Amino acid sequence: MTEDLSAIFSPERLSGGGTGPLYVKLRRTLEDAVKVGRLKQGDALPPERDIAEFAAVSRVTVRKAIDDLVAEGILVRRHGSGTFVAKPVSKVEQRLSQLTSFTEDMARRGMTARSEWLHKGIHTPSPDEMMILGLAADTKVSRLSRLRIADDQPLAIEHASVSGEFLPDPSVVTTSLYAELEKQQVRPVRAVQRISATNMKEADAGLLGVPVGAAGLSIERISYLGSGRAVEFTRSLYRGDAYDFVAELTIGAT
C-alpha cells in the first residue's frame, strides 16, 4: 500500500498536475486520484508529513491542498482519526413542525444514527439554565454533550441541559435522550427553537470534519411539558452543507 501511495504523491505525478503553485498541483493530483479511483471513498490519506515526503514538498503545501479539498467536500477530516476520501454529502431535511429526536429523525429516513459522547455529568446550573429551566441555585442540572452522526457522516454537535429532577443520572442515556425522558413520563410535547447562521470555530470544525469558518446553523431549543414547564434546554451546531430545515407556511386570517 505504501508503494501505491508513494506513486500517487510522487514528484513526477505532481509535475504533471498543470501550472500554478505547488499546492494547486497537489490538489489537482489528489482530486484526479479520487476521480479515477486510485483513492476510493473511505480511504484514509497518509499523515501530512508522509505526503510531504512522498511529493517532496512542504507540509504547509500539503495542508493548503487538503484544506481546499475538504472545503469542496472531496475529503473529510475526522476528529482523532485523520483525513479520508469523503462520500457525497446528502442533505438531511428536518421539518420544523415536528418535535422528534435526532435518533427518530434518522430512523425515519432509513439512516443509521449514532453518537460519540463528549460529556455526561451533573452540575450546578448556570444562570442561563436557572432562568430557562426554572431551577433554584441549590439544585442540579444534567448536561449531555455529543457528536451526532448519521451513516458515518458527522452532522451536529449537541449540548443538552435537563433538570436533575427529571434526569438525576445522565449516564443512563445511551442513545435517545427523549426515549429516556419518555420512560420517566417527562418527554416534552412542544418546543421553541431559535436558528441563526454562524461560522465554525476550530474545535467544532474539527469534530464535524469541515474547514474552520465553514457555514453552520446554531440552534437553541427550549422544550416543554404539557404543563408548560421547561424540561430541556439544548444548544446545537449543525453543518450548513448537510442540513436543511423546512417550515410549512399557511395563509393567516385577514
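Calculation notes
Residues numbered from 1 in each chain as written. Predicted model: local features only at pLDDT ≥ 70, side-chain atom pairs only at ≥ 80, totals over all residues. Heavy atoms only, no water. Helix = DSSP H or I, 4+ residues; strand = E, 2+ residues; numbered from the N terminus. Buried < 20%, exposed > 50% of the residue type's maximum accessible area, 1.4 Å probe, protein only. Contact = heavy atoms within 4.5 Å. Areas by Shrake-Rupley, 256 points an atom, 1.4 Å probe, with all protein chains shown as cover. Pairing = 2+ DSSP bridges. pLDDT = per-residue confidence, 0-100. Axes fitted to C-alpha atoms, helices over the stretch in contact; angles between N-to-C directions. Parallel < 35°, antiparallel > 145°, perpendicular 65-115°, else oblique. Left-handed = near helix turned anticlockwise from the far one by under 90°. Nonpolar A, V, L, I, M, F, W, Y, C, P; charged D, E, K, R; others polar.

The name given to the protein chain in an unreviewed UniProt entry is GntR family transcriptional regulator, and the organism recorded there is Rhizobium miluonense.

Right, let's get into the overall build of the protein chain. Each helix and strand in the protein chain was counted, giving nine helices and ten strands. Across the 254 residues that make up the protein chain, the buried fraction comes to 41%. Counting only contacts in the protein chain whose residues sit at least 6 apart along the sequence, the fraction spanning at least 24 positions is 59%. Put simply, the protein chain shows about 13,600 Å² of open surface, and 50% of that area lies on carbon and sulfur atoms.

Let us now look at the pairing of strand β6 (residues 153–163). Most of β6 sits out of view: ten of its eleven residues are buried. With ten bridges joining them, strand β5 (residues 141–150) and β6 adopt antiparallel strand pairing. Bridge pairing links R146 to E158 in β6. Count of turn residues in the β5/β6 antiparallel hairpin: two residues, of which D151 carries a positive phi of about 50°.

Turning our attention to the confidence of the model for the protein chain. Residues with a pLDDT of 70 or more make up 85% of the protein chain, whose mean pLDDT is 84. Per-residue pLDDT, averaged within each element of the protein chain, yields its smallest value for strand β3 (residues 92–95) (60) and its largest for helix α7 (residues 127–133) (95).

This part covers the packing of helix α3 (residues 22–35) against helix α5 (residues 59–71). It is the contact of α3 with α5, at a shortest axis distance of 8 Å, that shows an interaxial angle of 50°. As summarised for this structure, α3 and α5 are arranged oblique, according to the angle between their axes. When you trace α3 past α5, the crossing you get is right-handed. Along its contact with α3, which presents L22, Y23, L26, R27, L30 and E31, the element α5 presents T61, V62, K64, A65, I66, D68 and L69. Broken down by class, the residue content of the contact of α3 with α5 amounts to eight nonpolar, one polar and four charged.

Their axes nearest at 8 Å, the elements helix α4 (residues 48–55) and α5 cross at an angle of 110°. Relative to α5, the element α4 is oriented roughly perpendicular. Considering the relative orientation of α4 and α5, their crossing is right-handed. Each of E48, R49, I51 and A52 in α4 lies in contact with α5, whose residues at this interface are R59, V62, R63 and I66. A breakdown of the residues in the contact of α4 with α5 according to their chemical character gives four nonpolar, no polar and four charged.

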